[in-house]
Every structure is written in C-alpha cells, then in structure tokens.
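# Secondary and tertiary structure notes
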Amino acid sequence: MKKRIIASPDMRKAASRRKEATIFKPASFDKKEALEALVKGEKYYIHTYGCQANVRDEETLRGLLDDIGYISTNNPKEATLIILNTCAVRENAEDKVFGEIGNLKALRRQNKNLVLAICGCVVEQPEILNRMMDIFKEVNLYFGTHEIPQLYELVYEARTSGEIVVAVESKPGEVVEIKPASRSNQYKAFVNVIYGCDKFCTYCIVPYTRGKERSRLFGDVLNECRQLVAQGYQEITLLGQNVNAYGKDLNEGKDFADLLEEVAKLGIPRLRFTTSHPWDFSSKMIEIIAKYPNIMKFIHLPVQSGNNRILKAMGRRYTREQYLALVKQMREKIPGLALSTDIIVGFPNESDEEFEDTLTLVDEAKFEAAFTFIYSPRKGTPAAKLEDHIGKETKSTRFQALVKRLEKHIEAHSDAMVGQVFDVLVDGVSKNDPNMYSGYTDENKLVHFRGDESLVGKIVKVKIHESHTYSMIGELVNG
Ligand code: 5AD
Ligand code: SF4
C-alpha cells in the first residue's frame, strides 16, 4: 500500500523549546459530515495504555466519534475503526502494543473497510514508527498526540484513500479546545490543565512525545470544572505531566495555586491533582491545599531516587535534602497528608551505596503509596546513551528490596487506619468479590465493604476493621 505522509516525527524538533507564547487554535472539524455519512451505524473500538493523560485523550477520541454516531464496542471484531492509544514511557508498555497489533492485524485482511489506527506516544518516536510500518503492513493510520483534533479527517482519509496515512508532527506547542468528551466515569473526571513537559529528565521520553509545556486558559479550565460540578460530579482530578508549571507560558498572571483555589471554590466535593514535580512545588500551593477541605490531602510527588549523584544524572533539579525538606514542610502544614511517589531503580551505573540512599529516603519520607519501576532505556533520551555496567539481576534484586521497604511503611499507615472512620467515594462492585463494593478514601486508599448499588457515586462513611497493605476492609457507618 502507498503511504501518504502528512507529517513524520522528528526528535530534534520535538526537543526544541522556543520561547514563543502558546498558540490557541480553534477546533476545525474537517470531513466531519463526510465521515458521519460513511460510518453510520458502524462501531469503533479503542484500547488505551499508560497514564491518565492517555485516558483523558481516549475520552476526547470517544467524544468525537460518539458525536458523529459511531457506536462504541468492546469487541474489536465488530469494529470498522480500531484505535490503539499507546504509551512509550517504558519498553514493556511498548511491547504490549506490538503484541496487540499482532493479534489484530488479521482483522484488517478480512475487512478492507477497517481502519486500524495507532496513536499516542509510541508513534512519536521516529525509529519505532518506522519499525512498526516495516513490520505491520496492515496498520493504515498513524497519528500523534498533537493530531487528535484532526481525527475526522484522518479516519476519512485512511478509510477512503486506500493508502497508509501517517500524521505525526512534532509541534512546538498548541492548545486546541475540543468540546465533546465522552467521560469514562459519571462521578470522577479528569480535567487537563497543562499539556507537555519541559523538564527533560534524562531518562524520560515524555517531553519528546507530548511536546512543550502549554497551559489551557484559566477560564477554559474553570468552565469545564463548573460544568462538571453542575452535572453532579463528585471528584475532579486536575491533570498535567507537571501541574506546578501551570500558567508559566500564559500572560494571565496566574499560577497553579490560583487555579487550584478557584476550582476548590466551585464546590466540587473532592479535588485532586497530578503530577507535581518537587522542583516547583510552591509554599503557596501547600497553603491552599491546607486551607480547603475539599482539596484532598494526597500529593503524588515523584522522587525517583534518594541519591544526589543519581538525581543529578537524572536531571531532577533537587537534592535528597531539598526533597525531604519539602516533605517535612508538607507534613507539618497539611495534617493527615498522604504522600505517594515514583521511584526508578537501576538507573545506569547506580551503585549499591547509591541504591541504599533510596532505601533510607523511603524510611525518612514514609510514603503512604508508591509506584516503582526498573529503569528502561528510551532511545533519543540522554540517559540511553550511557553505558550501563549494572546487570539485570542486580536491578531486579534491588527492585524487590525497594518494594519490601516501601511496604513496611505502607503497612504501618494501613494498620493505623483500623478502627477509624473514613469518607469513601463509592466506585461500584469490588473487582475481587462480587458481594462487596469498593471506593477510595480522601487519602486515596482502596476500601472494600458491603453495600448496594444505590451507593455508587456517593461519598459514604466506612469504618475500617481489617488492613491488607494495599486495600482495606470496612463496614458502612449509618448516617
Ligand atoms: N524507565 C523507567 N521508569 C520511567 N519513568 C519515566 N521514564 C522511565 C524510564 N525510562 C517513570 C518515572 C515517572 C513515571 C511516570 O514513570 O518514575 O515518574
Ligand atoms: Fe518525564 Fe521528568 Fe517531565 Fe515527569 S517531569 S514527564 S519524569 S521529563
């Protein structure tokens, strides 16, 4: 099949950070009516990998497709449009995508009308995109994280041209407000506040795949949140690769603390935000979090390592001492705070002593939750060029040791919850036990309890009577 290359990714362009102001573009839906007529009554299937930014992107994709009458299906065999919304942050996420395309490609041979599309972070990497195009002749649409607003046009072209359509442009940074979004949850919503990342941690592919930091306008974020409150949403999570950078690219004189405060004032029962880079977490933010009861006392604050040489090699812009001082300030000013983190083990040439520093940092910070990762080299990032003398086995032994150390503290926090009553926003029937319902506390702890369908989407009081490290068992408290 012939290729129609509308735009290809370019790592150098993706890494450029010109000091231009963010460009706000109106959404223009070319080929909307044409595609609508073509796909009437047909079905689409989307599978998303990775972070909340991808989950939110899926909601935008669904919103656009639902808006023209495309019908969602969980069965790819029924679909005339299959979209794999991919994640590139670690190699195993990428491997899964390759595996799934392998499983789906036969469908394309059976149905010439099928559009098999790959979008998201994986295709933003030139080498991986080329490898995919070499291996999978069946995929007929590739589009990047910046091309979501062109969805109608791209699907139409892929469907009607008989060519492989490639539209992955490494853009410096635009914000397009797209109205329709089909939210995946009726009570909890994600709201983007800032796209992209300018931190360029040396191990991380995100600044290349998601581009320059660019904030949505203050008023646009507030309007979206106001609407969610009016629709009865119970929880909003403000999203960004680094929410603390919000507003720096705008001339509105507002920062993330201002935004957090204004959203809190709208009266949403629960307000969360993620992710925060420790480097620009301001004292003003700490004050705002402490001040508003509806801002959840839960902060995700990735530390990545507890050793200063490694932190420097990672380009993290803070020292162990600065991180711990920030944690101390947070814990003092925000009573009942639960702190979660991300940690990478096995960064190139991390010594035993350097890893030990991560363990002692865990002991000092006493995290309530954590995500742990083994370092995965990402082509095009500075760290991937480092020669690494640490073997796989050492890394996996360290990984186990880290998980054990984290669990010691998480378990202590969980045990201390027993006997106390917590507010829980009820998600639905528990995944492990059909007789139980589950939801999360303000501090983001998973709780299972006996309940009924009428409680779903409500905030209820649950008394904890059993602790299982990562989840709790409790019972409803009347009234
Ligand atoms: N290898 C392992 N973990 C990574 N992360 C980001 N890039 C990599 C990588 N190359 C982790 C970081 C980040 C989280 C979202 O993913 O801990 O905070
Ligand atoms: Fe990646 Fe660092 Fe940006 Fe987080 S802050 S997305 S780890 S570059």
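Since this is a predicted model, take the numbers as computed values, not measurements.

Another aspect to go through is the domain arrangement of the protein chain. By domain assignment, the protein chain separates into domain 1 (3-171), domain 2 (175-412) and domain 3 (418-476). Taken together, the 40 residues of domain 1 in the interface contact 39 residues of domain 2. Buried area between domain 1 and domain 2, both sides added, is near 3,400 Å², and the carbon and sulfur share of it is 58%. A per-residue breakdown of the area domain 1 buries against domain 2 is headed by R17, F24 and R56, which together make up 20% of the total. Where domain 1 packs against domain 2, one counts 5 salt bridges. In this structure, E94 engages R378 in a salt bridge whose closest nitrogen and oxygen atoms are separated by 3.0 Å.

Here we take up the packing of helix α2 (residues 32-39) against helix α6 (residues 151-161). Look at α2 against α6: their axes get within 9 Å of each other, and the N-to-C directions meet at 50 degrees. If you check the angle between α2 and α6, you find them oblique. Where α2 crosses over α6, the handedness of that crossing is left-handed. Counted together, K32, A34, L35, L38 and V39 of α2 and Y152, V155, Y156, R159 and T160 of α6 form the full contact between these two elements. Counted by class, the contact of α2 with α6 contains 7 nonpolar, 1 polar and 2 charged residues.

Okay, the environment of H47 next. Topologically, H47 is positioned in strand β3 (residues 43-48). Expressed as a C-alpha distance, the spacing of H47 and E353, which sit 306 residues apart in the sequence, is 41 Å.

What follows concerns the sheet that holds strand β17 (residues 369-374). Strand order across the open sheet formed by 3 strands is β15-β16-β17, with parallel pairing between neighbours. Pairing within the sheet leaves two strands with one partner each, and these edge strands are β15 (298-300) and β17. Taking each pair of neighbouring strands and ignoring which way they run, the sheet shows an average axis angle of 10 degrees.

What follows concerns the side chain of Q125. As for its position among the elements, Q125 is in the loop between β6 (115-120) and α5 (126-135). Taking relative accessible area as the criterion, Q125 reaches 5% and is therefore assigned buried.

With that settled, consider the side chain of T341. Inspection of the secondary structure assignment puts T341 in strand β16 (residues 338-345). Given the relative accessible area of 0%, T341 is considered buried. Here the side chain of T341 touches L301 through a polar contact of 2.9 Å, landing on its backbone oxygen. Those residues in contact with T341, other than ones at most four positions away along the chain, are H300, L301, P302, V303, Y323, F367, A369, A370 and F371.

Cut-offs and rules
- Position numbers for residues start from 1 in each chain and track the written sequence from start to end.
- All chains are assigned letters beginning with A, and all ligands numbers beginning with 1, in the order in which they are written.
- Given that the model is predicted, a residue must reach a pLDDT of at least 70 before its local features are reported, and side-chain atom pairs must reach 80 or more before they are shown or counted; all residues, however, enter totals for whole chains, interfaces and linings.
- In computing side-chain values, all of the structure's heavy atoms are included and hydrogens and water are not.
- How far each domain reaches was decided by an automatic or database domain assignment.
- Two residues form a contact once any of their heavy atoms are found within 4.5 Å.
- By buried area we mean the combined loss of accessible area, with a 1.4 Å probe, across both parts when two parts are placed together.
- Each reported salt bridge corresponds to a side-chain nitrogen of Lys or Arg within 4 Å of a carboxyl oxygen of Asp or Glu.
- Throughout, an axis means a line fitted to C-alpha atoms (over the contacting stretch in the case of helices), and angles, computed between N-to-C directions, take values from 0 to 180 degrees.
- We count a stretch as a helix when DSSP gives it H or I for four or more residues in a row; a strand needs E for two or more, and each element gets its number in order from the N terminus.
- Roughly parallel means an angle under 35 degrees; roughly antiparallel, over 145; roughly perpendicular, 65 to 115; everything else is oblique.
- Left-handed describes a crossing whose near helix is turned anticlockwise from the far helix through less than a right angle; right-handed describes the clockwise counterpart.
- Each residue is assigned to one class: nonpolar for Ala, Val, Leu, Ile, Met, Phe, Trp, Tyr, Cys and Pro, charged for Asp, Glu, Lys and Arg, and polar for all the others, Gly among them.
- For two strands to be treated as a pair, DSSP must find at least two bridges joining them.
- The buried label applies to any residue whose accessible area, calculated with a 1.4 Å probe on protein chains only, is under 20% of its type's maximum; exposed applies above 50%, and partly exposed to all values in between.
- N or O atoms closer than or at 3.5 Å make up a polar contact, with two conditions inside protein: a donor-capable atom paired with an acceptor-capable one, and, for residues adjacent in sequence, both atoms drawn from side chains.

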